[in-house]
Amino acid sequence: MGDELDDMTESMRGAMSLDGDIDKLSDFYQGWAADYDDDVASHGYGLPEAMVRTLQLAIGEVRPDSPAFTRSPAVLDAGCGTGLVGVALHAAGWTTLDGVDLSEEMAAKATERGIYRTVRGGVDLTIPPDESLRAAAPIVTVGGVFTVGHVPPEALEQMAALVEPGGILIVSTRRAYHEETDFHVVRQRLEDSGALKPLVHLADQPYTMDSTGDYWAWQVS
C-alpha cells in the first residue's frame, strides 16, 4: 500500500490511517467536509460511476418480481459522504434517494445538493441498524466505506440489514482493503448461508488514480 499512500493528498492519507475508530472518523470528516469534493475530484475518482454501472448490471440479474421492479425503487446511499455517488445515481435516473453517513458535516454537504429526499448524519454503519433503517430500501449502495482505516469486514452483515428482502446491495472495496482484510471470508460466509445471493462482481475497476477497486452486487434474502 506504500505506493498508493505516496500519491494521495494529505487528507486522503489521513483518512486511511484511522484504524476504524468511530470517534476519530467522525472528527476527521468534520474537518475534511469542506474540501472533500475537490480532493477526490483531483484524484480521478471513478467510484461513483462504477457503482452505478454495477447497479445497472445487477438490475438485469434479479427476478422481475423483486422489489427493484415492483415499484419506483428508492435507493439508500449508505455512507453517502458529500453525495458524490448520489449525483451519479441521480444522473442515471434514480431520483428517489435517501442518504445516511457517520459525519454530520458530510451529510450536510450532501443535503445541499438538493437531490436527496432525506439525509441523516450520525449513523454508525458498523452496528445493527435501528428500526427506522432496517429493511429501509429495495436498493442500498455502499460506496467508499469498505476502505482502509474505516469499517471492518463484519459490517457487511449490517449493510445487508438495510435492504428490503429481495432487494439489491451494492458495495465497493478498495484494492488494498480487499487484499489486507478478511472481507472475502465474511462475504463467503454470508453467501454460503444464503443471506446474500451473488449477482455481479466487477474486479479491478476504476476507484481513484492511485488504486483500483472491486464492485459487488448481491440480492438480499
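All values reported here derive from a predicted model rather than from experimental measurement. (Residues numbered from 1 in each chain as written. Predicted model: local features only at pLDDT ≥ 70, side-chain atom pairs only at ≥ 80, totals over all residues. Heavy atoms only, no water.)

How do you make sense of the sheet that holds strand β5 (residues 163-174) when you look at a structure like this?
Each strand in a sheet pairs with another by means of backbone hydrogen bonds, the pair being arranged parallel or else antiparallel. If you walk across this open sheet you meet the seven strands as β3-β2-β1-β4-β5-β7-β6, and the pairing is mixed. The open sheet has two edge strands, β3 (118-120) and β6 (196-208), and neither has a second partner. Pairwise comparison of adjacent strand axes, ignoring direction, gives a mean angle of 15° for this sheet. Both β5 and strand β7 (residues 211-220) contribute to a ladder of seven bridges, which runs antiparallel. Bridge pairing links leucine 169 to tryptophan 218 in β7. The sheet strands contacting helix α11 (residues 183-192) are β4 (137-146), β5, β6 and β7, and the helix crosses β7 at an angle near 15°. (Pairing = 2+ DSSP bridges. Helix = DSSP H or I, 4+ residues; strand = E, 2+ residues; numbered from the N terminus. Axes fitted to C-alpha atoms, helices over the stretch in contact; angles between N-to-C directions. Contact = heavy atoms within 4.5 Å.)

In this structure, what is going on with the packing of aromatic side chains? I would like to understand it.
Geometrically, a pair of aromatic rings is defined through the distance of the ring centres and the angle of the planes. Counting across every chain of the model gives five aromatic pairs. Here phenylalanine 146 and phenylalanine 183 contribute two aromatic rings whose centre-to-centre distance is 5.4 Å and whose plane-to-plane angle is 65°, an arrangement assigned as edge-to-face. Here phenylalanine 183 lies in helix α11 and phenylalanine 146 lies in strand β4, a separation of 37 residues in the sequence. For the pair phenylalanine 146 and phenylalanine 183, a shared accessibility class is recorded, and that class is buried. Relative to tryptophan 216, the ring of phenylalanine 183 has its centre 5.9 Å away and its plane inclined at 50°; by these criteria the two rings are tilted. Placement of phenylalanine 183 in helix α11 and of tryptophan 216 in strand β7 is noted, with a sequence separation of 33 residues between them. Judged by relative accessible area, phenylalanine 183 falls into the buried class, the value being 0%. (Phe/Tyr/Trp six-rings, centres within 6.5 Å; stacked < 30°, edge-to-face > 60°. Buried < 20%, exposed > 50% of the residue type's maximum accessible area, 1.4 Å probe, protein only.)

Mind showing me how you'd approach the pairing of β4 here?
Every regular strand shows the same layout, with side chains that alternate between the two sheet faces. In terms of burial, β4 is largely enclosed, as nine of its 10 residues are buried. Across three bridges, strand β1 (residues 75-78) lies against β4 in parallel orientation. By the bridge assignment for β4, leucine 76 is matched with valine 140. Two strands pair when backbone bridges link them, and β4 and β5 are joined in this way by six bridges, in the parallel orientation. Looking across to β5, one finds that isoleucine 139 is bridged to isoleucine 168.

Whenever I open this one, the pattern of salt bridges confuses me. Can you help?
Between side chains of opposite charge, pairing is possible as soon as their charged atoms come close. Applying the stated criterion across every chain yields a total of five salt bridges. Of the charged contacts, one joins glutamate 157 and arginine 189 as a salt bridge, the two residues approaching to 4.0 Å between their closest N and O atoms. With glutamate 157 in helix α9 (residues 155-160) and arginine 189 in helix α11, this pair connects stretches of sequence that are 32 residues apart. By relative accessible area, arginine 189 is classed as partly exposed at 43%. Linking arginine 174 and aspartate 210 is a salt bridge whose minimum nitrogen-to-oxygen distance equals 2.2 Å. Taken together, the residues arginine 174 in strand β5 and aspartate 210 in the loop between β6 and β7 connect sequence positions 36 residues apart. For the pair arginine 174 and aspartate 210, a shared accessibility class is recorded, and that class is buried. (Salt bridge = Lys/Arg side-chain N within 4 Å of Asp/Glu carboxyl O.)

Can you walk me through the pairing of β7 in this structure?
Summarising burial for β7: nine of the 10 residues are buried, a large majority. Taken together, the nine bridges between β6 and β7 define a ladder with antiparallel strand orientation. When the sheet's bridge partners are listed, glutamine 205 is paired in β7 with glycine 213. Here β6 folds back onto β7, and the loop between the two strands holds two residues.

Sorry, what's going on with the environment of tryptophan 94 here?
Structurally, tryptophan 94 can be placed in the loop between α7 (84-91) and β2 (97-100). By relative accessible area, which is 13% here, tryptophan 94 ends up buried. Between the C-alpha atoms of tryptophan 94 and proline 73, which are 21 residues apart in sequence, the distance is 7.8 Å. Setting aside anything within four residues of it in sequence, one finds tryptophan 94 in contact with Val52, Leu55, Gln56, Ile59, Pro73, Val75, Leu89 and Ile139.

Spatial relationships are all this shows, so hold off on functional conclusions.
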